[in-house]
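A closer look at the structure
Here is how the chains run, residue by residue.
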Amino acid sequence: MIIIEFNSRQRRIIEIVKNNEPITSENIADKLNLTRATLRPDFAILTMSGILEARPKVGYFYTGKGEKEDISYKVSEIRVADIKSVPVVVDEKTSAYDAIVSMFLEDVGTIFVISNGYLTGVVSRKDFLKSCIGGMDINKVPVGVIMTRMPNIVTVFANETVLEAAQKIIEHEVDSLPIVEKELIEEKEHLKVLGRISKTNITKLLIEIANT
Ligand code: ADP
């Protein structure tokens, strides 16, 4: 499959044609405040790729062909904040038992752990399984003991792209990432949890892109 990556001007042309078809090259050039000559290579690429069709004396039409191949543009433009979910958060002192109950009630696989309002760790299904296999008393043991602890938590900021988040998820072999914001308190950096991005969010986005 040939993957065509359109540049930002070509994407603007596609949008203009989508909304105004049929539209002549002169009118497109006017809308962009550019000359037809400047746009000639763009029209050539767009018609060759099949996404636009040029009919003599009528103008350009949008065919939509090939646009789905532009997924790389979408995942590298859409921000984590655009597809985030609500995070499930518990305090470090919460018992493993209560955290497992939250995991079932909220239907998530990962819980973010905080202390005094700031991120201190992450606890996942496997962490609970390990503590059960190890014979811990889950009613007594707090999540703080079994979680993966800072500074080993992989996080993302809201303005990072979905592609960056997906790369972190794969590289660190985890299911989800907390979306965080830095706060400086007495010159020490703390992380506030704003949201969650998981393999599920990213998969849903893929389906959405495929269906548009
Ligand atoms: P599961 O336990 O359901 O397979 P994960 O693969 O996400 O879920 O978790 C595997 C391990 O990675 C667990 O020990 C968990 O605490 C840790 N973990 C999960 N998410 C993160 C993260 N964002 N940063 C660091 N460690 C994480």
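What you see is a predicted model; the values in this text were computed from it and never measured.

Some thoughts on the overall build of the protein chain
Helix and strand counts for the protein chain stand at 10 helices and 9 strands. Projected onto its principal axes, the C-alpha positions of the protein chain cover 80 × 40 × 25 Å. The buried share among the 212 residues of the protein chain stands at 39%. Counting contacts in the protein chain only where the partners sit at least 6 residues apart, residues at least 24 apart contribute 58% of the total. Only carbon and sulfur atoms are counted for the fraction: they give 53% of the accessible area of the protein chain, which is about 12,700 Å². Between the mean site of the 27 positive side-chain charges and the mean site of the 30 negative ones, the protein chain shows a separation of 4 Å.

Section: the site of the ligand
In the neighbourhood of the ligand, 15 residues make up the surrounding shell, with S124, K126, D127, T148 and D175 lying closest. Between the ligand and T148 there is a distance of 2.6 Å, counted from an oxygen atom to a side-chain nitrogen or oxygen. Contacts to the ligand include V154, whose backbone N or O atom sits 2.9 Å from a nitrogen atom. Counting atoms within 2 Å of the grid points, the majority share of the ligand lands in the largest pocket. Put simply, the parts of the chain that give the shell around the ligand at least two residues each are β5 (118-124), α7 (125-133) and β8 (176-185). Looking at the shell around the ligand, its residues break down into 6 nonpolar, 4 polar and 5 charged.

Considerations on the domain arrangement of the protein chain
For the protein chain, the assigned domains read domain 1 (8-76) and domain 2 (80-207). Distance from the C-alpha centre of domain 1 to the C-alpha centre of domain 2: 43 Å.

As for the sheet that holds β8
Pairing is mixed across the open sheet formed by 3 strands, whose spatial order is β7-β8-β9. The sheet is open, and its two edges are formed by β7 (156-157) and β9 (188-198), each paired on a single side. Direction of pairing for β7 relative to β8: parallel, over a ladder of 2 bridges. Within β8, the position partnered with F157 by the bridge is V180.

Some words on the layout of surface pockets
Estimated volume of the largest pocket: approximately 440 Å³. Along the walls of the largest pocket sit 19 residues, with S124, D127, E173, V174 and D175 positioned nearest its centre. Contributions of two or more residues to the lining of the largest pocket are made by β5, α7 and β8. It is α7 that provides the largest number of residues to the lining of the largest pocket, a total of 4 residues. A per-class count over the lining of the largest pocket returns 7 nonpolar, 6 polar and 6 charged. The space that makes up the second largest pocket amounts to roughly 270 Å³.

Rules used in this analysis
- Residue positions are counted from 1 within each chain, in the order its sequence is given.
- Per-residue local features are limited, in this predicted model, to residues with pLDDT of at least 70; the limit for side-chain atom pairs, both in listing and counting, is 80 or more; totals at the level of whole chains, interfaces and linings are taken over all residues.
- Values shown for side chains rest on all heavy atoms present in the structure; no hydrogens or waters enter the calculation.
- A run of DSSP states H or I qualifies as a helix once it reaches four residues; a run of E qualifies as a strand once it reaches two. Both are numbered from the N-terminal end.
- Three labels apply to residues, based on accessible area from a 1.4 Å probe with only protein chains included: buried if under 20% of the type maximum, exposed if over 50%, partly exposed otherwise in between.
- We call two residues in contact when some of their heavy atoms are within 4.5 Å.
- For the area figures, the Shrake-Rupley method with a 1.4 Å probe applies, and any residue is considered shielded solely by the protein chains shown.
- Positive: Lys, Arg. Negative: Asp, Glu. His and the chain ends are not part of the count.
- Note on charges: their place is set at NZ of Lys, CZ of Arg, CG of Asp or CD of Glu.
- Think of it this way: one heavy atom of a residue within 4 Å of a molecule or strand is enough to make that residue near it.
- Identification of polar contacts relies on pairs of N or O atoms within 3.5 Å, with a donor-acceptor requirement for protein atoms, meaning one able to donate a hydrogen and the other able to accept it, and with residues adjacent in sequence counted only if both atoms are side-chain atoms.
- We place a 1 Å grid over just the protein atoms. Points where a 1.4 Å probe fits but has no way out form a cavity, open points with protein on both sides within 12 Å along at least 5 of 7 lines form a pocket, and any residue with an atom within 4 Å of a point lines it.
- A cavity or pocket is said to hold a molecule if more than half of that molecule's atoms lie within 2 Å of its grid points.
- Under the scheme applied, nonpolar residues are Ala, Val, Leu, Ile, Met, Phe, Trp, Tyr, Cys and Pro; charged residues are Asp, Glu, Lys and Arg; polar residues are all the others, including Gly.
- The source of the domain bounds is an automatic or database domain assignment.
- In this analysis, strands are considered paired if DSSP registers two or more bridges between them.
- Grid points are joined across faces, edges and corners, and a volume is the space filled by probe spheres set on the points.

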